[in-house]
Amino acid sequence: MKKYKPMLAKTANAPFSSKDWIFEVKWDGIRAISYINKELTIESRNKKELKTNFPELEELTNLTEHAVLDGEIILMRNGKVDFGTLLQRVQASSSKDIKKLQQKYPVLYILFDILEKDGNSLLDKPLIERKKILEETVKEGKNVILSVYAEEKGKEYYTATIQKGLEGVMAKKKNSNYEPGKRSNAWLKIKPTKECDCAIFGYTKGTGNRDETFGALILGLYKEQTPVFVGKVGTGFNQKTLKILSKALQNLAVYQKTLTDVNIPEEITWVTPNLVCKIGYQTVTSDLKLRIPIFLSLRSNKSPQECKLEQINPAKLEEYIQKRDFSVTPEPTGSQKNRKKEIFVVQEHDASHLHYDFRLEQNNVLKSWAVPKGIPQKPGIKKLAIKTEDHPLDYAEFQGTIPKGQYGAGTVKTWDKGPYTVKFWGENKIEFNLQGTKLTGNYALIHFKKGGDKNWLLIKVGDKND
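Keep in mind that what you see is a predicted model, and the values were worked out from it rather than measured.

Buried within helix H4 (residues 127–137) are the following residues: Leu-127, Arg-130, Lys-131, Ile-133, Leu-134 and Thr-137. Taken end-on, H4 shows its buried residues confined to a sector of 165°, consistent with a single buried face. In H4, those exposed residues whose orientation departs by more than 90 degrees from the buried face are Lys-132 and Glu-136.

Dropping the structure here:
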């Protein structure tokens, strides 16, 4: 059998719909081409034989014959794709460890293409025809399944995929040929770009053209008042940034360790965590480490203590989702990601009783309070604010009527909206500055402990000129 290089995809800027394309889940796993003949071979992109580490995939020999297949090996834990544990399986070397990991963490091999059948090349056949041949050629097994794809409705498919916490979507032209080793416009990967702000706790020694600057930054986020190691970043720097950062870090260098549980082999120079940087990343591992991080910029308008762990381990929207039937209510399901500048929104909600919903964007959700008596606009005025469930970010754009019989039934209108800045965000007190059309200046939310867990006070704080 001829050996093949996998066809690669370019990146699309946004999801799209088209009758000429199909759409599949983009899995976070290991790309693998399998050769099923008299013997089975499963090769990674760098030609590593994977059959030894994944013996459960031997079942391929019982599911098809005389074929070359393309797919992705993934590992699921607790209903989620776990790339970190998959790497453990790849790196296992002893037969004892391989068997133990296989029993505890079995993998799935998701097949999405067929390149050869019975010695005949299928590369020049259209993708949609290769899909049909794949379905006719391969039976599904315990650890081998066929990729499910959708036609035409790419935007809807993307939204549903992201809501399930998956990495993204692959868009593929129906009439495209298979182009081994080529990064083609006929295959596009579509995935969200995630960002977070991290405090810098140290740096590793640079080598080569970086021997006068640094190799990577040691990153941390705060869980309440305690910093937590979330990984290192060594890419995304230009020469100017390297020089500026290197000088600033040298001035912050200290002898004592400033961050614990940093398990990397490189020598680290520790620094006082005074600097904050914006990091782009692909996903977060199960032990809360940034995967494929890239340095984006320094942030001068944020303190290190504001870099909270909740950015990468955000509050969930289970309560919001459980209370709503999205086949009936027009309310958003939660597909929008965070903006560059955080916003607040106040919505007039004419439900069983007219009230105002006050929402602050924080950690990729809208923290929400119901304010029955209206929003204070004069200093010193206090209004009861009842904490409600977190809402998705795209709820800030929602206006409309929630049908009768649904949670919160009634009319929702935007009353005010705009950017805001956090001065302090604690467990029982939040201080912030609003820059809206009707609401401007300093405000505070204070937890009213005697009133129970959900009762807060919303206060307009006097400014110097008031």
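Moving on from the model shown.
Within the largest apolar cluster, 31 residues are counted, with the highest numbers of intra-cluster contacts made by Leu-60, Leu-69 and Ile-73. When neighbours within four sequence positions are excluded, Leu-69 is seen to be in contact with Ala-32, Ile-33, Ser-34, Ile-36, Leu-60, Thr-64, Tyr-109, Leu-111, Asp-113, Ile-114, Leu-134 and Val-138. Of all hydrophobic cores here, the second largest spans 25 residues; its members include Leu-245, Cys-277, Phe-295 and Leu-309.

You can see Val-345 is positioned in strand S21 (residues 343–350). On the basis of relative accessible area, Val-345 is assigned to the buried category, the value being 0%. For the pair Val-345 and Gly-418, spaced 73 residues apart in sequence, the C-alpha separation works out to 6.7 Å. Every residue in contact with Val-345, bar those within four places of it in the chain, is listed here: Asp-357, Phe-358, Arg-359, Ala-396, Thr-414, Asp-416 and Lys-417.

Evaluated as defined, the whole model comprises 17 aromatic pairs. Their ring planes at 85° and their centres at 5.8 Å tell us that Tyr-178 and Trp-187 sit as a pair that is edge-to-face. With a centroid separation of 6.2 Å and 90° between ring planes, the pair formed by Tyr-420 and Phe-432 is classed as edge-to-face. Taken as a pair, Tyr-420 in strand S26 (residues 410–425) and Phe-432 in strand S27 (residues 429–435) lie far apart in primary sequence, 12 residues in all.

Before going further, it helps to spend a moment on the confidence of the model for the protein chain. Any region with low pLDDT has predicted coordinates that should not be read closely. Residue-level pLDDT values for the protein chain average 90, and 95% of them are 70 or greater. Model confidence for the protein chain, summarised as mean pLDDT per element, is weakest for strand S18 (residues 283–284) at 78 and strongest for strand S7 (residues 107–117) at 98.

Its location among the elements puts Ser-176 in the loop between strand S11 (168–173) and strand S12 (183–190). Sequence-distant contacts of Ser-176, that is, excluding residues within four places in its chain, are made with Lys-125, Pro-126, Leu-127, Arg-130, Ala-186 and Trp-187.

Structurally, Lys-26 can be placed in strand S2 (residues 18–26). For Lys-26, the contacting residues outside a window of four places in its chain are Glu-167, Gly-168, Val-169, Met-170 and Lys-189.

Scanning the entire structure with this criterion turns up 28 salt bridges. A salt bridge links Glu-56 to Arg-89; the shortest N-O distance between them is 2.5 Å. Here Arg-89 lies in helix H2 (residues 83–91) and Glu-56 lies in the loop between strand S4 (40–44) and helix H1 (60–63), a separation of 33 residues in the sequence. Summarising the burial analysis for this pair, Glu-56 and Arg-89 share the class buried. The shortest N-O distance in the salt bridge between Asp-118 and Lys-117 comes to 3.6 Å. Among the ionic contacts, a cluster of salt bridges with common partners joins Glu-195, Asp-197, Lys-278, Arg-299 and Lys-302.

Pairing within the open sheet is mixed, and its five strands lie in the order S1-S12-S11-S2-S10. Every interior strand has two partners, whereas the edge strands, strand S1 (8–11) and strand S10 (150–152), have only one. Strand-to-strand twist across the sheet, computed as the mean angle between neighbouring axes with direction ignored, equals 40°. In this structure, S11 lies alongside S12, joined through four bridges in antiparallel fashion. Each residue of the ladder has a partner; that of Met-170, found in S12, is Lys-189. This element, H4, spans S2, S11 and S12 of the sheet and lies at about 50° to S2.

Backbone geometry at Asp-118 places phi at a positive 55°, although glycine is not the residue there. Considering the arrangement of structural elements, one finds Asp-118 in the loop between S7 and strand S8 (120–121). Notably, Glu-152 is not glycine yet its phi reads approximately 75°, a positive angle. Looking at where Glu-152 falls in the secondary structure, it is placed in strand S10.

Our focus in this paragraph is the environment of Asn-143. Checked against the element boundaries, Asn-143 lands in the loop between H4 and strand S9 (144–146). Here the alpha-carbon distance between Asn-143 and Val-107, two residues 36 residues apart in the chain, equals 6.4 Å.

On to the pairing of strand S13 (residues 194–204). In terms of burial, S13 is largely enclosed, as nine of its 11 residues are buried. Here six bridges tie S13 to strand S17 (residues 276–281), and the two strands are oriented antiparallel to one another. Across the sheet, the residue bridging to Lys-194 is Tyr-281, located in S17. Of the pairings in the sheet, the one linking S13 to strand S14 (residues 217–223) comprises four bridges and is antiparallel in character. For Tyr-203, the partnering residue across the bridge sits in S14 and is Leu-217.

Moving on: the state of the cysteines. With the rule as written, the count across this model stands at zero disulfides. In this structure Cys-198 is a free cysteine whose sulfur lies 3.6 Å from that of Cys-196, the closest cysteine sulfur available. With no disulfide of its own, Cys-307 lies 6.6 Å from the sulfur of Cys-198, the closest cysteine sulfur. Taking the relative accessible area as the measure of exposure, Cys-307 reaches 0% and is therefore buried.

Rules used in this analysis
- Residues numbered from 1 in each chain as written.
- Predicted model: local features only at pLDDT ≥ 70, side-chain atom pairs only at ≥ 80, totals over all residues.
- Heavy atoms only, no water.
- Buried < 20%, exposed > 50% of the residue type's maximum accessible area, 1.4 Å probe, protein only.
- Helix = DSSP H or I, 4+ residues; strand = E, 2+ residues; numbered from the N terminus.
- Arc of directions from axis to C-beta.
- Core = buried A, V, L, I, M, F, W, Y, C linked by side-chain atoms within 4.5 Å.
- Contact = heavy atoms within 4.5 Å.
- Phe/Tyr/Trp six-rings, centres within 6.5 Å; stacked < 30°, edge-to-face > 60°.
- pLDDT = per-residue confidence, 0-100.
- Salt bridge = Lys/Arg side-chain N within 4 Å of Asp/Glu carboxyl O.
- Pairing = 2+ DSSP bridges.
- Axes fitted to C-alpha atoms, helices over the stretch in contact; angles between N-to-C directions.
- Disulfide = S-S within 2.5 Å.

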